[in-house]
Amino acid sequence: IQNKLESTIPGVRIFRFDCYQPGTYASEIRALGAIFDREAEAAEFAAFYTGTLDTIAARVSGIAEAERAGVYLENWKDYKTGSSGSGYEEKIRMAGGRNVFSSLPTEYPEIDPEAVIGADPDVIVKLIGAGSYDAGGYDNEDTGAIPGYYTGLTERSGWMGLSAVKNEDLHLLHNDIFGGPQHFIGVVYMAKWCYPEVFADIDPAAIHQVYLTDYQRLSLNLADEIFTYP
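Conventions adopted
Residues numbered from 1 in each chain as written. Predicted model: local features only at pLDDT ≥ 70, side-chain atom pairs only at ≥ 80, totals over all residues. Heavy atoms only, no water. Buried < 20%, exposed > 50% of the residue type's maximum accessible area, 1.4 Å probe, protein only. Helix = DSSP H or I, 4+ residues; strand = E, 2+ residues; numbered from the N terminus. Arc of directions from axis to C-beta. Contact = heavy atoms within 4.5 Å. Salt bridge = Lys/Arg side-chain N within 4 Å of Asp/Glu carboxyl O. Polar contact = N/O pair within 3.5 Å; in protein donor to acceptor, adjacent residues only side chain to side chain. Patch = residues over 30% accessible without salt bridge, like charges linked within 9 Å, V, L, I, M, F, W, Y side chains within 5 Å. Areas by Shrake-Rupley, 256 points an atom, 1.4 Å probe, with all protein chains shown as cover. Lys, Arg positive; Asp, Glu negative; His and termini not counted. Charge placed at Lys NZ, Arg CZ, Asp CG, Glu CD. Core = buried A, V, L, I, M, F, W, Y, C linked by side-chain atoms within 4.5 Å. Pairing = 2+ DSSP bridges.

Asks: I'd like a rundown of helix H6 (residues 146-154), residues and numbers included.
Replies: All of the buried residues along H6 are Ile 146, Tyr 149, Tyr 150, Leu 153 and Thr 154. Axial view of H6: buried residues confined to an arc of 135 degrees, hence all on one face. In this fold, the buried residues of H6 make contact with strand S1 (70-74), strand S3 (123-128), helix H7 (163-166), strand S4 (170-174) and strand S5 (228-229).

Listed below in structure tokens is the structure:
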């Protein structure tokens, strides 16, 4: 697309942005602000974004690797996770967690169900919003199915004996706030699930509401939507 535009419109300047990668998101926000003459607004949002994540990073920085909460993140395809180098692992680490399947050779592997039993993670996060788990989120469709998703996970063979299930540290997280530009909201939720005492004063839903009201200028009331469960 860039080559075609540049060849047909001489002198045109092409800007390309991911707008979802944590490492470049804030700088892209500022660049877009410069392009559209909204530098002050862009700087305000970039500060909101980086400030949210910096708060998490500062609080978990003193936790030794061996003491970090072990996290199993499963996407909407059963037993599909992420290993070292994946976007899933990056976000787990941003939340202060330790990916229990970091060492697997494939970036986004499908694992044997027995591997979860063997890993016995402290926290399990199941992504919903696609595939057989397409409910909730901004579309807010079929939210009545969400409790059944949760129950179905607890009823998997051997899962009632997992530490995460016994300690009620199994959570559903909608991909609307974990993938794409809203990933930082999902990271806040994950950080609080990993370290509830460390983040006792942080309300992820309140951060989400500020994002929607102040920066998306939407009147959406989160009390009427489901992005996490329970």
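Having seen the model, we can carry on.
Asks: Tell me about the pattern of salt bridges, and name the residues and values.
Replies: Tallied over the entire structure, the rule returns 8 salt bridges. One salt bridge connects Lys 126 with Glu 74, and the closest N-O pair in it is separated by 2.6 Å. Pair noted here: Lys 126 is in strand S3 and Glu 74 is in strand S1, with a separation of 52 residues, a long-range link. Its relative accessible area of 0% is what places Lys 126 among the buried residues. Lys 126 is the salt-bridge partner of Asp 78, the closest N and O atoms lying 3.0 Å from each other. In this pair, Asp 78 is assigned in the loop between S1 and helix H4 (87-94) and Lys 126 in strand S3, connecting sequence segments 48 residues apart.

Asks: Residues and numbers for the environment of Ser 86, please.
Replies: Its place among the elements puts Ser 86 in the loop between S1 and H4. Residue Ser 86 is classed as buried on the basis of its relative accessible area, which comes to 3%. Spatially, the C-alpha atoms of Ser 86 and Gly 136 are 25 Å apart, while their sequence positions differ by 50 residues. Once residues within four sequence positions are removed from consideration, Ser 86 is found in contact with Glu 107 and Tyr 108. A polar contact of 2.7 Å, which involves the side chain of Ser 86, links it to the backbone oxygen of Ser 83.

Asks: Give a description of a negative patch on the surface that names residues and reports values.
Replies: Taken together, the side chains of Asp 134, Asp 139, Glu 141 and Asp 142 define an acidic patch exposed on the protein surface. Summarising the element assignment, Asp 142 is placed in the loop between S3 and H6. What makes Asp 142 exposed here is its relative accessible area of 52%.

Asks: Could you give me a rundown of the nonpolar core, with the residues and numbers involved?
Replies: Within the largest apolar cluster, 42 residues are counted, with the highest numbers of intra-cluster contacts made by Ile 56 and Phe 184. Of the residues forming this core, the biggest block, 9 residues, is contributed by helix H8 (residues 183-194). Residues within four places of Ile 56 in sequence aside, it is in contact with Met 94, Ala 95, Val 187, Val 188, Ala 191 and Phe 199. With 20 residues, the next largest nonpolar core counts Tyr 79, Ile 111, Ile 128 and Tyr 149 among its residues.

Asks: Would you mind going over the sheet that holds S3 in detail, with residue names and values included?
Replies: Hydrogen bonding along the main chain pairs the strands of a sheet, whether they run parallel or antiparallel. Across the sheet, 5 strands lie side by side as S2-S1-S3-S4-S5; this open sheet has mixed pairing. Among the strands making up the open sheet, the edge pair consists of strand S2 (98-99) and S5. Where S1 meets S3, 4 bridges bridge the pair, whose relative direction is parallel. Bridge pairing in S3 links Leu 73 to Val 125.

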